[in-house]
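Take a look at the letters that make up each chain.
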Amino acid sequence: MIKQERMKVITQQSIAKHIFELTVEGGLVDEMAEPGQFVHVRVADSFEPLLRRPISVASIDKENKRFTMIYRAEGRGTQILADKKAGDEIDVLGPLGHGFPVEQAEKKAFLIGGGIGVPPLYELAKQLNSRGIETVHILGFESKQAIFYEEKFKALGDTHIATVDGSHGTEGFVTHILNELPHDFDTYFSCGPTAMLEAVQWAYPQKKGFLSYEQRMGCGIGACFACVCRTTKSETDYIKVCSDGPVFPAGVVIS
Amino acid sequence: MIDMTVKIPGLELKNPIMPASGCFGFGKEYAQLYDLSQLGAIMIKATTVETRLGNPTPRVAETSSGMLNAIGLQNPGLEKVYGSELPWLEQFDVPIIANVAGTTTEDYVEVAREISKAPNVHALEINISCPNVKKGGITFGTDPAVARELTRAVKEVSSVPVYIKLSPNVTDIVSIAKAVEEGGADGITMINTLLGMRLDPKTGRPVIANISGGLSGPAIKPVALRMVYEVSKQTNLPIIGMGGVTNVDDVIDFLSAGASAVAVGTANFVNPFVCPEIISKLPERLHELGYDSVEELIGRSHRL
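Residues numbered from 1 in each chain as written. Chains lettered and ligands numbered in written order. Predicted model: local features only at pLDDT ≥ 70, side-chain atom pairs only at ≥ 80, totals over all residues. Heavy atoms only, no water.

### Topic: the confidence of the model for chain B
In the predicted model, chain B carries a mean pLDDT of 95, and 98% of its residues have values of at least 70. Overall fold confidence for the complex sits at a pTM of 0.94, while the interface term, ipTM, reaches 0.92. (pLDDT = per-residue confidence, 0-100.)

Written as structure tokens, this is what we have:
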């Protein structure tokens, strides 16, 4: 169920260039289930900036009623969020949308992420591992300075890193790594820029895959019709990224 | 005991607060969050004869204390709204105001005639003010004679009272209000969004795919309030006021300016519980101000 709650900031730290890790605490965590769901954060109590910011959930700690978000502070709203300190409160609406269907993975899964699309794959990797699924992580970043959670992913399975400038790992995109790896997995999960999602779908047309999309949002709950995408399922209707997604099976979204 | 009820044509409202059209879909999303029966009424998303896909994305852009949207009247069309969205809303004890849009007079007439037959539709809101579609919409709302004739045509076929939704993108909104009054309108809803745009400073390109969009949110409240004040002074039609309402004092302002009821739009996106929150705070605020009823407050700015 969707809740709105003023949650307490437990920690906030910079973990890479412009990238922040923010952990908050509150009863809303009880509602969180699927990895890949997101929250809609109001960064100020005023109406400036006006809209909430959609941020993905990087990890869930049900026992302590805490969850962690990882976001890039590059716009007006996220820069305000980056100033929040332990003890501050932030207004969180969530959990929102439909996440990754972990039950679809059988034995081995590829988790393919790019940039700020990487965070939700961490909770996904944790949940898949706890179900006995082997996970391989293929993660792309701009440069060495932008990389985060490499060690944490490594602790959960094979982890391959690509950087656009070649300053760490393979030079180029995640697709360069995918070309080198054997196709010995049954399911893939991916989150990142639309171009990357397209490339991943092309790479594995025969595999079962689930992709998390991004689109400019208004309400975050499906009422405003801002974040729509065309779909292969219907010529006369759109799908809404916020409430129908953000995760869709491969081949459904026309981007 | 504060009397929160308001009576305007077709509508016996238990309180004067309702979500504005286009900001609440057909209610399903918000029904996950609270009981819609708390609301004074619901203004459902604009309905056209045929299914409309709307505009390409990006469709929204944030601005200072506001947002631009160019959704483009996306809706499933009359048949689906009448056959499934409206019946679904019947589970709630709340009157529906159906927003009617189109590209020709015949479109408006057809939607108005059919949708007004639904048992829970107690009034129509005729959208002659959508700035985001190439044909229809605002073109009916900027010329007084055209607005009057459309009002007449819709009035003739509607089984319920007809409210006309006015655009602020005109030189003289009072002349449009008077024209729809002559055309037989039962009331006015105002204001729709103000035309605006935002550019990306890096590229110089418009942020919204439609190039321009409708501005809403707290930024437009002073404009809306002034227009409600003028129209209420110069016509005899009841007004449902809207534009940048986010809290109980905004509601007080619109009532004072002459609105009989108040719609909340963009604020639903920021705080999905804003309508029930305002409804629960309104009696106390009226009491603090020394009023026993909503009705007493309506138009008080004209009497001071």
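Next comes the rest of the account.
### Some words on the nonpolar core
Membership of the largest hydrophobic core comes to 138 residues, with the highest contact counts inside it found for F110 and I112 of chain A together with Y30, L124, I126, M190 and I240 of chain B. When sequence neighbours within four positions are dropped, the list of residues in contact with F110 of chain A reads V136, I138, L178, L181, P182, D184, F185, T187, Y188, F189 and Y204 of chain A. Within the second largest apolar cluster, 28 residues are counted, among which are A16, I70, A109 and L121 of chain A. (Core = buried A, V, L, I, M, F, W, Y, C linked by side-chain atoms within 4.5 Å. Buried < 20%, exposed > 50% of the residue type's maximum accessible area, 1.4 Å probe, protein only. Contact = heavy atoms within 4.5 Å.)

### Brief notes about the packing of helix α3 (residues 105-115) of chain B against helix α4 (residues 144-157) of chain B
Residues and elements named next belong to chain B. Taken N-terminus to C-terminus, the directions of α3 and α4 make an angle of 30°; their axes are 8 Å apart at the nearest point. In terms of axis orientation, α3 runs roughly parallel to α4. The two elements α3 and α4 cross, and the hand of that crossing is right-handed. Judged by residue contacts, T105, Y108, V109, A112 and R113 of α3 engage L150, A153, V154 and V157 from α4. Of the residues contributing to the contact of α3 with α4, the split by class is seven nonpolar, one polar and one charged. (Axes fitted to C-alpha atoms, helices over the stretch in contact; angles between N-to-C directions. Helix = DSSP H or I, 4+ residues; strand = E, 2+ residues; numbered from the N terminus. Parallel < 35°, antiparallel > 145°, perpendicular 65-115°, else oblique. Left-handed = near helix turned anticlockwise from the far one by under 90°. Nonpolar A, V, L, I, M, F, W, Y, C, P; charged D, E, K, R; others polar.)

### Describing the side chain of E29 of chain B
Its location among the elements puts E29 of chain B in helix α1 (residues 28-31). In terms of polar contacts, E29 of chain B uses its side chain to reach the side chain of K240 of chain A, at 3.5 Å. What E29 of chain B contacts, discounting residues up to four positions off in sequence, is I221, G222, A223 and K240 of chain A together with F24 of chain B. (Polar contact = N/O pair within 3.5 Å; in protein donor to acceptor, adjacent residues only side chain to side chain.)

### Here's the deal with the interface of chain B and chain A
Listed per partner, the contact involves 34 residues of chain B and 31 residues of chain A. Both faces combined, the contact of chain B with chain A buries some 2800 Å², and carbon together with sulfur accounts for 62% of it. For the chain B face of the interface with chain A, the top three residues by lost area are L53, E62 and V270 of chain B, together amounting to 24%. Viewed at the interface, chain A and chain B are joined by three salt bridges. Linking chain B with chain A are 10 residue pairs in polar contact (both at pLDDT 80 or more), by the criterion used here. Breaking the side of chain B that touches chain A down by element, the ones donating at least two residues are α1, β5 (60-63), β6 (66-69) and α8 (267-270) of chain B. Take the side of chain B that touches chain A: its biggest share by element is three residues, from β5 of chain B. For the side of chain B that touches chain A, the residue count by class is 15 nonpolar, 15 polar and four charged. (Buried area = accessible area lost by both parts, 1.4 Å probe. Salt bridge = Lys/Arg side-chain N within 4 Å of Asp/Glu carboxyl O.)

### A few points about the side chain of Q201 of chain A
Structurally, the position occupied by Q201 of chain A is in helix α5 (residues 194-203). If we ignore the near neighbours within four places in the chain, the residues touching Q201 of chain A are Y188, L211, Y213, A250 and G251 of chain A.

### Details of the pairing of strand β4 (residues 53-61) of chain A
Residue and element names in this part refer to chain A. The buried fraction of β4 is high, at seven of nine residues. Both strand β3 (residues 38-42) and β4 contribute to a ladder of four bridges, which runs antiparallel. Across the sheet, V39 pairs through a bridge with I55, a residue of β4. Two elements, β4 and strand β5 (residues 66-72), share four bridges in a ladder whose sense is antiparallel. The residue bridging V57 from the neighbouring strand is M69, located in β5. (Pairing = 2+ DSSP bridges.)

### Examining unusual backbone geometry
The omega torsion of the bond from G94 of chain A to P95 of chain A falls at -5°, within 30 degrees of zero and hence cis. Mapped onto the secondary structure, P95 of chain A falls in strand β6 (residues 89-96). Looking along the chain, the bond that leaves T57 of chain B and enters P58 of chain B is cis, with omega of 0°. Mapped onto the fold, P58 of chain B is located in the loop between β4 (42-43) and β5. Phi is positive for S65 of chain B, close to 50°, though the residue is something other than glycine. The residue S65 of chain B is located in the loop between β5 and β6 in this model. For S65 of chain B, a relative accessible area of 23% corresponds to the partly exposed category. Its identity as a non-glycine residue notwithstanding, I211 of chain B has a phi of 75°, on the positive side. In this fold, I211 of chain B is placed in the loop between β11 (194-196) and β12 (213-216).

### Comments concerning α5 of chain A
Residue and element names in this part refer to chain A. Considered for burial, the residues of α5 that qualify are M196, L197, V200 and Q201. The buried residues of α5 occupy an angular sector of 135° when projected down its axis, which confines them to one face. Projecting away from the buried face of α5 at angles above 90 degrees are the exposed residues A195 and W202. Buried-residue contacts for α5 involve β7 (108-114), α4 (174-180), β11 (187-191) and β12 (208-212). (Arc of directions from axis to C-beta.)

### Remarks on a negative patch on the surface
Among the surface-exposed residues, D3, D292, E295 and E296 of chain B lie close enough to one another that they form a single negatively charged patch. Counting through the fold element by element, D292 of chain B comes out in the loop between α9 (274-288) and α10 (294-297). (Patch = residues over 30% accessible without salt bridge, like charges linked within 9 Å, V, L, I, M, F, W, Y side chains within 5 Å. Areas by Shrake-Rupley, 256 points an atom, 1.4 Å probe, with all protein chains shown as cover. Lys, Arg positive; Asp, Glu negative; His and termini not counted. Charge placed at Lys NZ, Arg CZ, Asp CG, Glu CD.)

### Notes on the environment of D186 of chain B
Residues and elements named next belong to chain B. Here D186 is to be found in the loop between α5 (173-182) and β10 (187-190). Measuring from C-alpha to C-alpha, the distance between D186 and V162 comes to 5.3 Å, with 24 residues separating the pair along the chain. If sequence neighbours within four positions are ignored, D186 has contacts with P9, K155, P161, V162, L237 and P238.

### Quick word on the packing of aromatic side chains
Geometrically, a pair of aromatic rings is defined through the distance of the ring centres and the angle of the planes. The tally for this structure, following the rule as stated, stands at 16 aromatic pairs over all chains. Judged by centre distance (6.3 Å) and plane angle (45°), the rings of Y34 of chain B and F273 of chain B are tilted. Of this pair, Y34 of chain B sits in the loop between α1 and β4 while F273 of chain B sits in the loop between α8 and α9, placing them 239 residues apart in sequence. Note on F273 of chain B: relative accessible area 19%, which makes it buried. Their ring planes at 75° and their centres at 5.1 Å tell us that Y108 of chain B and F140 of chain B sit as a pair that is edge-to-face. Taken together, the positions of Y108 of chain B in helix α3 and F140 of chain B in the loop between β8 (121-127) and α4 put the pair 32 residues apart, joining distant regions of the chain. Under the relative-accessibility criterion, Y108 of chain B is labelled buried at 0%. Among the aromatic residues, those joined into a cluster by ring pairs are Y122, F141, F148, Y149 and F153 of chain A. Looking at K152 of chain A, its charged tip hangs above the ring of Y149 of chain A, at a distance of 4.9 Å from the centre. In this arrangement the basic side chain of K240 of chain A is found over the ring face of F225 of chain A, its NZ or CZ atom lying 4.6 Å from the centre. (Phe/Tyr/Trp six-rings, centres within 6.5 Å; stacked < 30°, edge-to-face > 60°. Lys NZ or Arg CZ within 6 Å of the ring centre and 35° of its normal.)

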